[in-house]
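Descriptive analysis of the structure
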Amino acid sequence: MPAQTSPLGDFLRAQRARISPGDVGLPDLAGRRVSGLRREEVAVLAGVSVDYYTRLEQGRERTPSAQVVESICAALRLSRDAREHAFRLARLAPRDEAARGAVSADLRQLMDAFPDSAAYVVDAAFRVIAANPTAQALLGETQIDDALDFLFRNPAAREYFVEWDVVARATVSALRLAVGHTPPHPDLIPTIDGLLRESSAFAALWADHAVAGLNITHKIINHPDVGRLELTYQTLDVRDAPGQQLTVATAPAGSPSADALALLGTVRATRARN
């Protein structure tokens, strides 16, 4: 039977290619024709038959048990996020009901309690759906309208993010994780399809199959109004609104970045009055 494709199979192949035999205690002999582990080696490490694992990668086996997926995740040394993603691709994770676009009044009040920090909320499609005044000034209207479009289609993004490659890779990795949710946000697949067609940089990163949550903790920004900002980011899931994530960007007290961040809030307030 000819090989088929499946999201889980594609993911497993990509993860298998990342691991060398030495990483899992196997001899790394010369003359290997694959960059990572062979299917046979993954099967042995996971305690499943080679035929079964091959069918799983080829998409001919689509209903693995939770025990099998857990064993394969352990064999491939997957991270917590990647393991969760594998379970979702195998349709074994609980069904997620993404929250609607509304942000609760309590969460808005919390965001406004950080006037010298940039606090904003994104939905499951990575759209900014709420932002305090400092975050509005930090992001600007272009990012608030469509952050993904700005990052991958707007040349200004490579000036704005000093380490654009790091931000882009982490964003695509988080998108890969989000698309594995059951069901994904209805706008997420069309967004990804559009980026694949129109951004070669996005397509190259998407093909890597890296998976992680929004895990950037530091960004260096060249802001058009206040110059260089070195910010620390914390991103938290909103418990009562699945799919929403709160991000808070701060700077060390007394630092030039803290002064610039406070100035952004003033700039935003001034523009709002005019």
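Residues numbered from 1 in each chain as written. Predicted model: local features only at pLDDT ≥ 70, side-chain atom pairs only at ≥ 80, totals over all residues. Heavy atoms only, no water.

Quick notes on the overall build of the protein chain
To keep it simple, the criterion reads: Here a strand is any run of E in DSSP of at least two residues, a helix any run of H or I of at least four, and the numbering for each starts at the N terminus. Relative accessibility decides the category of a residue: with a 1.4 Å probe and only protein chains considered, values under 20% of the type maximum give buried, values over 50% give exposed, and everything between is partly exposed. Note on contacts: a residue pair qualifies if any of its non-hydrogen atoms lie within 4.5 Å across the two residues. Per-residue and other accessible areas follow the Shrake-Rupley method at a 1.4 Å probe size, with only the shown protein chains counted as cover for residues. Positive residues here are Lys and Arg, negative ones are Asp and Glu, while His and the chain termini are left out of the count. Where a charge sits is defined by one atom per residue type, namely NZ (Lys), CZ (Arg), CG (Asp) or CD (Glu).
Of the regular secondary structure elements, the protein chain holds 13 helices and 5 strands. If you line up the protein chain on its principal axes, its C-alpha atoms span 70 × 40 × 35 Å. Relative to its 274 residues, the protein chain shows a buried fraction of 45%. Long-range contacts, defined here as pairs at least 24 residues apart, represent 54% of the contacts in the protein chain between residues at least 6 apart. For the protein chain, the accessible area works out to roughly 14300 Å², and carbon and sulfur atoms hold 51% of it. For the protein chain, the separation between the mean place of its 30 positive charges and that of its 33 negative charges on side chains is 6 Å.

Let's talk about the environment of Thr-54
Mapped onto the secondary structure, Thr-54 falls in helix H3 (residues 50-58). Between the C-alpha atom of Thr-54 and that of Ile-220, which follows or precedes it by 166 residues, the distance is 44 Å. Aside from chain neighbours lying at most four places away, what touches Thr-54 is Arg-39 and Arg-60.

A look at the sheet that holds strand E1 (residues 118-122)
The condition that has to hold: Strand pairing is defined by DSSP finding a minimum of two bridges between the two strands. Only C-alpha atoms enter the line fits that serve as axes; for helices the fit covers just the stretch in contact. Angles between N-to-C directions range over 0 to 180 degrees.
Taking strand neighbours across the sheet as the criterion, the 5 strands line up as E2-E1-E5-E4-E3 in an open arrangement whose pairing is antiparallel. The open sheet has two free edges, formed respectively by strand E2 (128-131) and strand E3 (218-223), since each of these has just one partner strand. Put simply, the sheet's adjacent strands are angled 30° from each other on average, direction ignored. Here 6 bridges tie strand E4 (residues 227-237) to strand E5 (residues 245-250), and the two strands are oriented antiparallel to one another. Counterpart to Asp-237 in the pairing with E5 is Gln-245.

A closer look at the domain arrangement of the protein chain
This is how it is decided: For every domain, the bounds stem from an assignment made automatically or drawn from a database. By buried area we mean how much accessible surface two parts lose on assembly, using a 1.4 Å probe and totalling the loss over both.
When its domains are assigned, the protein chain resolves into domain 1 (7-90) and domain 2 (105-272). The C-alpha-based centres of domain 1 and domain 2 are spaced at 33 Å. Each partner contributes residues to the interface: domain 1 has 12 residues there, and domain 2 has 11 residues. For the pairing of domain 1 and domain 2, the buried interface totals around 850 Å² over both sides, and the portion due to carbon and sulfur atoms is 54%.

Comments concerning the packing of helix H2 (residues 39-46) against helix H4 (residues 66-75)
Here is the rule: By convention the crossing between two helices is left-handed if the near helix lies anticlockwise of the far one by an angle smaller than a right angle, and right-handed if it lies clockwise. Classification convention: Asp, Glu, Lys, Arg as charged; Ala, Val, Leu, Ile, Met, Phe, Trp, Tyr, Cys, Pro as nonpolar; all other residues, Gly among them, as polar.
Put simply, H2 and H4 touch, their axes get as near as 8 Å, and they point 115° apart. Of the two possible hands of crossing, H2 and H4 adopt the one that is right-handed. Contacts between H2 and H4 involve Val-42, Leu-45 and Ala-46 on the former and, on the latter, Ser-71, Ile-72 and Ala-75. For the contact of H2 with H4, the per-class residue count stands at 5 nonpolar, 1 polar and no charged.

Here's the deal with the nonpolar core
Applied cut-off: What we call a nonpolar core is a set of buried Ala, Val, Leu, Ile, Met, Phe, Trp, Tyr and Cys residues that are connected through their side-chain atoms within 4.5 Å.
By size, the foremost hydrophobic cluster in this structure holds 42 residues, and its most contacted members are Leu-138 and Phe-152. For this core, the leading source of residues is helix H10 (residues 164-179), giving 9 residues. Those residues in contact with Leu-138 that lie beyond four places of it in its chain are Ala-118, Gln-143, Tyr-160, Ile-221, His-223, Leu-229, Leu-231, Tyr-233 and Leu-264.

Quick look at the environment of Leu-236
Examined against the element boundaries, Leu-236 turns out to sit in strand E4. Sequence separation between Leu-236 and Leu-214 is 22 residues, and the spatial gap between their C-alpha atoms is 9.0 Å. Apart from residues lying up to four places away in sequence, Leu-236 is in contact with Gln-244, Gln-245 and Leu-246.

Some thoughts on H10
Rule in force here: A helix is expected to span 1.5 Å multiplied by its residue count minus one.
Compared with the 22 Å implied by 1.5 Å per residue over 16 residues, the 22 Å span of H10 between its first and last C-alpha is a close match. Within H10, 13 of the 16 residues are buried, which leaves the element mostly enclosed by the surrounding structure.

Looking at the pairing of E2
Inspection of the sheet shows E1 paired to E2 by 3 bridges, in the antiparallel sense. Pairing of Val-121 across the sheet is with Ala-130, part of E2. The hairpin turn running from E1 into E2, its antiparallel successor, is 5 residues long, and Phe-126 in that turn takes a positive phi close to 65°.

Brief notes about helix H1 (residues 7-18)
For H1, built from 12 residues, the straight-helix expectation of 16 Å at 1.5 Å per residue is met to within 8% by its first-to-last C-alpha distance of 17 Å. Taken together, the buried positions of H1 are occupied by Leu-8, Gly-9, Phe-11, Leu-12, Ala-14, Gln-15 and Arg-16.

Details of the UniProt feature "domain: HTH cro/C1-type" (unreviewed entry) in the protein chain
For clarity, the cut-off: UniProt positions are given in the numbering used here, feature names are shortened, and annotations may be inferred rather than shown by experiment.
Under the UniProt annotation, the feature "domain: HTH cro/C1-type" (unreviewed entry) is placed at residues 36-83. As annotated, residues 36-83 comprises 65% helix and 0% strand, and the C-alpha atoms at either end are separated by 18 Å.

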